[in-house]
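# Summary of structural features
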Amino acid sequence: MALHKDSKRRKTSNQCWEDMNNDELLKEMKRKGLSQKIVLFAGKTKLTGKDLRYLSPEVLKKCEGQHLKLCHYLEIIKFRDNLGPSQLLSLKVYNDPVHGHIQMNPACQAIIDTPQFQRLRYLKQLGMVYFVFPGATNNRFEHSLGACHLAGKFVRNLRNNQPNLGITDKDILCVEIAGLCHDLGHGPFSHFFEEEFLKRLEGFTKMSHEFVSVKMFRHLVEMNELMEPGGKLREFGLTEEDITFIEEQIEGNHYNEDGTWARVGRGKEKSFLYEIVSNKRNGIDVDKWDYFARDCHHLGIKNNFDYTRYMKFARVIDVDNQMQICIRDKELGNLYNMFYTRYTLHKYAYQHKVKCAIEAMLTHALLKANNHITFPGSDRKQYKIDKCNEDMEAFTQLTDNVLFKILYSPKNNDDMQSAKQLIQRIFRRDIYVTAFESIPVEPKDLQNVQPQQIKTEIMQKVQHIQEEKRVAITEEDIFVNVSIT
């Protein structure tokens, strides 16, 4: 019986701070030797461990002159990653519809308060899905805040559960910044820009949004002097090695094909940190957790995946000489829910046939307007829509607003007239018609499907229709969309 009590006491002292109720928190405060005034304040306001993270400056100052001591206490318990009292009192709180009240580290806030990051307010998370689901108004800005919040929460859980991993405060901050900046490289209407528009251009060179995100992050840091003396990232002790670590997390892959370590920001012993924001090994990361929850919230689709539970059961284990984030076998059901949520979102929203038809129209409009709409770059050179990702100054100006820039452009040549007519048809709901849908027996075969080959086959089959109806159908009239969920 005595052994049981002792085990329980050890469990309480090592308990995650966020899980403490008011009684447990008061006991821990007394054990830490905090003054009676602070303990009474915590009891009177019914503070829980989770509440500590969200104490506003106004609440802290009500602590009867003891707020600096309370700030010092928060430093001791590592709740604020060693932020000083003045920094604790300046933390900003965002009221997020998905995660509730979330706080941002001042270093993250310095990034948020830049033109390059604010651009994300004008990129719809779900692209043209908005034209099918009126509630799908969420944007990349709020998703990035959510990913930052979950990244910090996940890495802190790992540190609390496994102190031997050696996770430092700088590691946590770098992971949070990676979560915050992982989508800086998205073009207008998010994935549509690179997956539908750019790849249909002649001479297209594939450039992923992750690659552009790294370019934009580096541009953001340089333009706002965040790593210069007095810069906010430098103030928090970040070095060029840490900046490289952030960029490597955004890129994702961290092992070579032969299994050797491919990164320099952190050593192989901390390879698990690269699986939090963008997990190329199995696709389980905070980026997906946030946009699954956020998209379901705005689309009105049920989400049964519990990321909080997943975090609590996650542990870092050495697997074949690689430090990987692993999960208990009893979490398989919860993990299944995550992938089923992904399937549901793709089936009912991301690959909705009307959304695909509207994207086809927008693709044709952008292809027509590409040579006539330009954005000024840092070298005073004008960049076409498809070339803006070569210059981050021009790319900063490229948002969903390009739709209206085309529509209200004074240029009236044949291409621009066609582009404007297509956009006007979208607004009038005069949408392309879905002619045929097919579900293959073996979905894996979709990887080898060539849209051009399908177009050719369709043209051969509709030849008799052209002859009978006396209508001219060209390959340009046919748009093939291959959906892989």
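See the structure shown above.
Because the structure is a prediction, the values reported are computed rather than measured.

Quick notes on the rules
Residues numbered from 1 in each chain as written. Predicted model: local features only at pLDDT ≥ 70, side-chain atom pairs only at ≥ 80, totals over all residues. Heavy atoms only, no water. Axes fitted to C-alpha atoms, helices over the stretch in contact; angles between N-to-C directions. Helix = DSSP H or I, 4+ residues; strand = E, 2+ residues; numbered from the N terminus. Parallel < 35°, antiparallel > 145°, perpendicular 65-115°, else oblique. Contact = heavy atoms within 4.5 Å. Nonpolar A, V, L, I, M, F, W, Y, C, P; charged D, E, K, R; others polar. Core = buried A, V, L, I, M, F, W, Y, C linked by side-chain atoms within 4.5 Å. Buried < 20%, exposed > 50% of the residue type's maximum accessible area, 1.4 Å probe, protein only. Pairing = 2+ DSSP bridges. Patch = residues over 30% accessible without salt bridge, like charges linked within 9 Å, V, L, I, M, F, W, Y side chains within 5 Å. Areas by Shrake-Rupley, 256 points an atom, 1.4 Å probe, with all protein chains shown as cover. Salt bridge = Lys/Arg side-chain N within 4 Å of Asp/Glu carboxyl O. Phe/Tyr/Trp six-rings, centres within 6.5 Å; stacked < 30°, edge-to-face > 60°. Lys NZ or Arg CZ within 6 Å of the ring centre and 35° of its normal. Expected span 1.5 Å × (residues − 1).

## Side note on the packing of helix H2 (residues 22-31) against helix H3 (residues 36-44)
Direction vectors running N to C along H2 and H3 enclose 175 degrees, while the axes themselves pass 10 Å from each other. For the element pair H2 / H3, the angle class is roughly antiparallel. On the side of H2, the interface is formed by Asn22, Leu26, Met29 and Lys30, while H3 contributes Ile38, Val39, Ala42 and Gly43. A breakdown of the residues in the contact of H2 with H3 according to their chemical character gives five nonpolar, two polar and one charged.

## What to know about the nonpolar core
By size, the foremost hydrophobic cluster in this structure holds 108 residues, and its most contacted members are Ile111, Phe117, Phe154, Ile177, Leu233, Ile276 and Trp289. Sequence-distant contacts of Leu233, that is, excluding residues within four places in its chain, are made with Ala107, Ile111, Ile177, Val221, Leu226, Met227, Leu238 and Ile243. Ranked by size, the runner-up nonpolar core spans 11 residues in total, among them Met20, Leu26, Ile38 and Ala42.

## Some points on the pairing of strand E4 (residues 322-327)
Bridging between strand E3 (residues 314-319) and E4 involves six bridges; their strand directions are antiparallel. Residue pairing in the sheet places Arg315 in a bridge with Cys326 of E4. Turn length for the E3-E4 hairpin, with the two strands adjacent in sequence and antiparallel, is two residues, and the turn residue Asp320 shows positive phi of about 55 degrees.

## Things to note about a nonpolar patch on the surface
Residues Tyr336, Tyr340 and Tyr343 make up a contiguous nonpolar surface patch of about 350 Å² in total accessible area. Residue placement: Tyr336 occurs in helix H18 (residues 332-350).

## Section: the packing of aromatic side chains
This structure, assessed with the given rule, holds 16 aromatic pairs. Ring centres of Phe404 and Tyr408 lie 6.3 Å apart, and the angle between their planes is 15 degrees; on these two criteria the pair is classed as stacked. Judged by its relative accessible area of 62%, Tyr408 falls in the exposed class. Lying over the aromatic face of Tyr130, Lys124 brings its terminal NZ or CZ to 4.7 Å of the ring centre. We note Lys405 situated over the ring of Phe375; from NZ or CZ to the ring centre the distance is 4.0 Å.

## A short note on helix H19 (residues 353-369)
Between the first and last C-alpha of H19 there are 24 Å, a value that for 17 residues agrees with the 24 Å anticipated at 1.5 Å per step. With 13 of 17 residues buried, H19 lies mostly within the body of the structure.

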